[in-house]
Amino acid sequence: MPSADAIVIGAGLVGLALARELSRQGLRAEVYDAAAAGRGASWAGAGMLAAYQLTHPALRALGIASARLYPTWIRELELETGLNAGYRPSGSLVITSAARPAPSLMENGTGGWEHLSGDVSALEPGLCPGPGDEVWRVSGDHSIDNRALIAALLASLRDRGVPLHEHTMIESIEAGRDGLGVVARGVRRPAGFVINCAGAWTGQIRAPFTVTVRPRKGQMIALRSTHELRHVIAAPGVYLVPRAGGRILAGATLEDCGFDPEVSEATARGLQQRASALVPALAAAALESTWIGYRPCAPDGLPLLGPTPVPGYWLATAHFRDGILCAPITAKIVSSAMAKGHLTTALDLAPFRPERFTAFTAA
Ligand SMILES: Cc1cc2nc3c(=O)[nH]c(=O)nc-3n(C[C@H](O)[C@H](O)[C@H](O)COP(=O)(O)OP(=O)(O)OC[C@H]3O[C@@H](n4cnc5c(N)ncnc54)[C@H](O)[C@@H]3O)c2cc1C
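Once a new chain begins, its residue numbering starts again from 1 and follows that chain's sequence as written. Selection of residues for local features in this predicted model requires a pLDDT of at least 70, selection of side-chain atom pairs for listing and counting requires 80 or more, and totals for whole chains, interfaces and linings are taken over all residues.

This next bit is on the overall build of the protein. Counting from the N terminus, the helices are the DSSP runs of H or I reaching at least four residues and the strands are the DSSP runs of E reaching at least two. Tallying secondary structure elements over the protein gives six helices and 18 strands in all. The size measure is the radius of gyration over C-alpha atoms, and the globule rule it meets is 2.2 Å times the number of residues to the 0.38 power. Against the compact-globule benchmark of 21 Å for 363 residues, the protein has a radius of gyration of 21 Å, which places it among compact chains. The principal-axis extents of the C-alpha atoms in the protein amount to approximately 65 × 40 × 40 Å. Per-residue burial for the protein yields a buried fraction of 48% across its 363 residues. Partly exposed residues are those falling between the two cut-offs: more than 12 but fewer than 20 other C-beta atoms within 10 Å of their own, whereas 20 or more means buried and 12 or fewer means exposed, with C-beta atoms placed from the backbone.

Not every one of the 43 residues close to the ligand is listed here, only the nearest: Gly12, Gly40, Gly199, Gly218 and Gly323. Counting only elements with at least two residues in the shell around the ligand, the list comes to α1 (13-24), α2 (41-44), β12 (214-224), β16 (286-297) and α6 (323-340). Of the residues that constitute the shell around the ligand, the class distribution is 24 nonpolar, 14 polar and five charged. Using a C-beta atom placed from the backbone, a residue is described as near a molecule or strand when that atom lies within 6 Å of it. Basically, the charged four are Asp, Glu, Lys and Arg, the nonpolar ten are Ala, Val, Leu, Ile, Met, Phe, Trp, Tyr, Cys and Pro, and anything else, Gly included, counts as polar.

To continue, consider α1. Here the expected span of a helix is defined as 1.5 Å times the quantity of residues minus one. Spanning 12 residues, α1 covers 16 Å between terminal C-alpha atoms, matching the ideal 16 Å at 1.5 Å per step. Those residues of α1 that sit buried are Leu13, Val14, Gly15, Leu16, Ala17, Leu18, Ala19, Arg20, Glu21, Leu22 and Ser23. Once α1 finishes, Gly26 follows within two positions and takes phi at roughly 85°, a positive value.

This next bit is on the domain arrangement of the protein. Accessible area lost upon the coming together of the parts is a frequently used measure of interface size. The domain boundaries here were taken from an automatic or database domain assignment. Here the protein is described as being made up of domain 1 (4-82 + 146-213 + 299-356) and domain 2 (92-139 + 215-297). A separation of 28 Å is found between the C-alpha centroids of domain 1 and domain 2. Contact criterion: two residues are in contact if their C-beta atoms, reconstructed from the backbone, are within 7 Å. Counting from both sides, the interface comprises 23 residues of domain 1 and, opposite them, 24 residues of domain 2. A total of three residues in the side of domain 1 that touches domain 2 trace back to one element, the largest contributor, which is α2. Here the side of domain 1 that touches domain 2 is composed, by residue class, of 12 nonpolar, 10 polar and one charged.

What follows deals with helix α5 (residues 265-278). The end-to-end C-alpha distance of α5 is 20 Å, a good match for the 20 Å that 14 residues give at a rise of 1.5 Å each. For α5, the full list of buried residues reads Leu271, Gln272, Ala275 and Leu278. Around the axis of α5, the buried residues are gathered within 120° of arc, so they sit on the same side. Along α5, exposed side chains directed more than 90 degrees from the buried face belong to Glu265 and Ala266. At its buried positions, α5 is contacted by β12, β13 (232-235), β14 (238-242), β15 (247-251) and β16. In this description, one arc is meant: the one made by directions from the helix axis to the C-beta atoms.

This is the structure we're talking about:
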């Protein structure tokens, strides 16, 4: 009998959130990460929970479902661990230039778009939109301190006794006559379910069902400033995300250059310039740090979420620009399917089916 009901490959936010939900459902989960836990895209991201800015209908529905889970999910996690995950339900401001957002986005009501006319300085002091710019308030789009969230999830897994094997790369996933298993350091570990949550590295693991997931590099900066932002601000070419303690994140590039670890000073300067054009007080901010991360991207930019044709082998990956947003709903959908033995959700997951581009590669 396998020692684990489920093996989760990858300790990013998706894998960590999933392992916690599996444990909450009474399943024995184990997590493996090739490196230190939570140091992939989930560490690099900005933490915007921008569900109401998504345009693909099924992804938007998934994102909104996840955004709705966030407040309770975070409250329970914080109560359980005593750690603050930096959830800020303060809404976002979106600045558009000539082209307005698509009409389908401009819903009234919860989370909807509200056009702000006239002076916005009472709402967001120091914000200077350009001439002709339009400013919108998106009340349902919040933010989370993703690094604090990782720390809280790790504490939860520790308290729950969920084994976490760091610096242990899964080399392959095997479906043999004796069931499913993963191989790490040449040793086979059996499990009832294996869930590949390896982000941009998903396709590098040898498996009986293969998928293509490519890295999309993003570089970001953190500024230290006495100027405080009240909202996340998203504008063409730059977004700003306030954090505790006088930090403001500005991002991000979107580069198709493979696993290129270079951090560019010129890019960092460019991000600060664009941030200062939007909020002039940020010209005086100190550039505290800059880093890169790899967004996991499937060929159509949509998540790979659901069972593969290999019994027990699931994918929960390729969330591209929205994995921090979508971690809670992904964890909930996958863990409850595993606990109940079948997938039940009112959400349309068809666009995310793992088989949509790849053939079943092995018997
Ligand atoms: C600059 C930037 C800004 C972003 N901003 C946002 C944002 O504002 N909002 C949002 O929702 N999303 C954002 N994202 C996207 C988001 O960060 C990702 O979609 C999300 O973090 C993906 O999570 P993950 O757990 O799938 O992957 P990761 O966090 O990358 O975790 C994958 C893990 O798998 C491990 N792994 C790899 N290979 C193996 C193996 N063979 N065996 C075991 N472990 C393995 C890795 O070491 C890693 O820890 C941003 C991303 C970037 C780069």
